[in-house]
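Analysis of the macromolecular model
Listed here are the chains, written in short residue letters.
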Amino acid sequence: MLARIKRFLGMEAKPKEDEKVPVEKKVPTEEKKVASEEEVEKVAEEKPKPRIGYIHLSGCTGDVMSLSENYDILAPLLTEMVDIVYGQTLVDRWDIPEMDIALIEGSVCLQDEHSLHELKEVREKAGLVVAFGSCAATGCFTRYSRGGQQAQPAHESFVPVADVVKVDLAIPGCPPSPEIIAKTVVAVINGDMDYLQPMMDLVGYTEACGCDLQLKVVNQALCIACGTCAMSCPTRAVSMTAGRPEVNSDRCVKCGVCYIQCPRSWWPMERIKKDTGL
Ligand code: SF4
Ligand code: SF4
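Given the structure is predicted, the values throughout are model-derived calculations rather than measurements. (Residues numbered from 1 in each chain as written. Chains lettered and ligands numbered in written order. Predicted model: local features only at pLDDT ≥ 70, side-chain atom pairs only at ≥ 80, totals over all residues. Heavy atoms only, no water.)

1. Digging into the packing of aromatic side chains
Rules: Each Phe, Tyr or Trp ring, with Trp reduced to its six-membered ring, pairs with another whose centre is within 6.5 Å; inter-plane angles below 30 degrees give stacked pairs, above 60 give edge-to-face pairs, and intermediate values give tilted ones. We count a charge as sitting over a ring when the NZ of a lysine or the CZ of an arginine lies within 6 Å of the ring centre and within 35 degrees of the ring normal.
Applying the stated criterion across every chain yields a total of one aromatic pair. Across from the ring centre of tyrosine 259, 5.2 Å away, lies the NZ or CZ of lysine 216, which sits over that ring.

The following block contains the structure:
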């Protein structure tokens, strides 16, 4: 089943660096090549199922709803690929167990002691902490919070998860697409670091804004007028004017999606230098 899901997602099993067969030892015959692929699948199938927890802080549940929209593969994804060990709305359990991956949805309210305690305990008990969705990753529209509302008028300060605890991966999106959530889970199981690298880099991208397009792309002479930013904005705050993005800041909820989706935003210079020997 794991193999079927990986094929469905277009992600074949990928051996870790130390599991890769050296080029000179690869067996050229088609029969052996097939056997090798089966071995890789077998390794992936035999790995213990990762224990996943879902932590709901100051979010809208839209991110876990997006996870559930993996209609074709949801049941095997949740039952055969992973163990859901913790999570409001998912599991009837109140104590926080040890887990391999914690998906944290929502930003952190600094005046909410319960959220702070839960987050810190999860950080201690989880192998990987994932900022799941833009509220967790960048603060998103909770960046505009200023308190003064019932029933908790004192709750005014909301920050991204990475401002409070160490985060390992960020999957921004308002919400992230079902596909990218499922693919990320598969990549974690496979140890596919190439797929996960942008998400590791995005951990530091916590102060997102539509104005990043101007500052970090257009001002740097990187924009190619593709319009991806305008298509990706969930609030239609971005339009293209004379081949360049123009952001209506009154509509921007600071999710960071326009900049993340921009094909000129992620430029892994260290890896490029390494690959080209610069
Ligand atoms: S312009 Fe749109 S996509 Fe970009 S940060 Fe603002 S709301 Fe998000
Ligand atoms: S996605 Fe990036 S490159 Fe494309 S139009 Fe927007 S800013 Fe320019």
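2. Structural notes on the site of ligand 1
Rules: Any residue with a non-hydrogen atom lying within 4 Å of a molecule or strand is treated as near it. Three classes are used: nonpolar for Ala, Val, Leu, Ile, Met, Phe, Trp, Tyr, Cys and Pro, charged for Asp, Glu, Lys and Arg, and polar for all others, with Gly counted as polar.
Near ligand 1 you find 13 residues, and of these Cys233, Cys252, Cys255, Gly256 and Cys258 are the closest. Of the residues that constitute the shell around ligand 1, the class distribution is nine nonpolar, three polar and one charged.

3. Some details on the nonpolar core
Let me state the cut-off plainly: Only buried residues count toward a nonpolar core, which is a set of Ala, Val, Leu, Ile, Met, Phe, Trp, Tyr and Cys residues joined through side-chain atoms within 4.5 Å. Relative accessibility decides the category of a residue: with a 1.4 Å probe and only protein chains considered, values under 20% of the type maximum give buried, values over 50% give exposed, and everything between is partly exposed. Any two residues having at least one pair of non-hydrogen atoms within 4.5 Å are treated as being in contact.
One finds Ile55, Met99, Ala102, Ile104 and Val161 to be the most contacted residues of the largest nonpolar core, which totals 30 residues. Sequence-distant contacts of alanine 102, defined by excluding residues within four places in its chain, comprise Gly53, Ile55, Val122, Ala126, Leu128, Val129 and Val130. By size, the runner-up hydrophobic cluster in this structure holds 22 residues, among which are Leu67, Ile101, Phe132 and Leu169.

4. Let's talk about the site of ligand 2
Rules: Only DSSP runs of H or I reaching four residues or more are called helices, and only runs of E reaching two or more are called strands; each is numbered from the N terminus.
Around ligand 2 sit 14 residues, and of these Cys223, Cys226, Gly227, Cys229 and Cys262 come closest. At the level of secondary structure, the elements contributing two or more residues to the shell around ligand 2 comprise helix H9 (212-218) and helix H10 (228-232). By residue class, the composition of the shell around ligand 2 is eleven nonpolar, two polar and one charged.

5. A few points about the pattern of salt bridges
Heads up, the condition is: Salt-bridge detection follows one rule: a side-chain nitrogen of Lys or Arg within 4 Å of a carboxyl oxygen of Asp or Glu.
Applying the stated criterion to the full structure yields six salt bridges. As a salt-bridge pair, aspartate 83 and lysine 49 come within 3.4 Å of each other at their nearest N and O atoms. Taken together, the residues aspartate 83 in strand S2 (residues 83-87) and lysine 49 in the loop between helix H2 (30-46) and strand S1 (51-56) connect sequence positions 34 residues apart. For aspartate 83, a relative accessible area of 31% puts it in the partly exposed group. Through salt bridges that share partners, Arg123, Lys166 and Asp168 make up one connected network.

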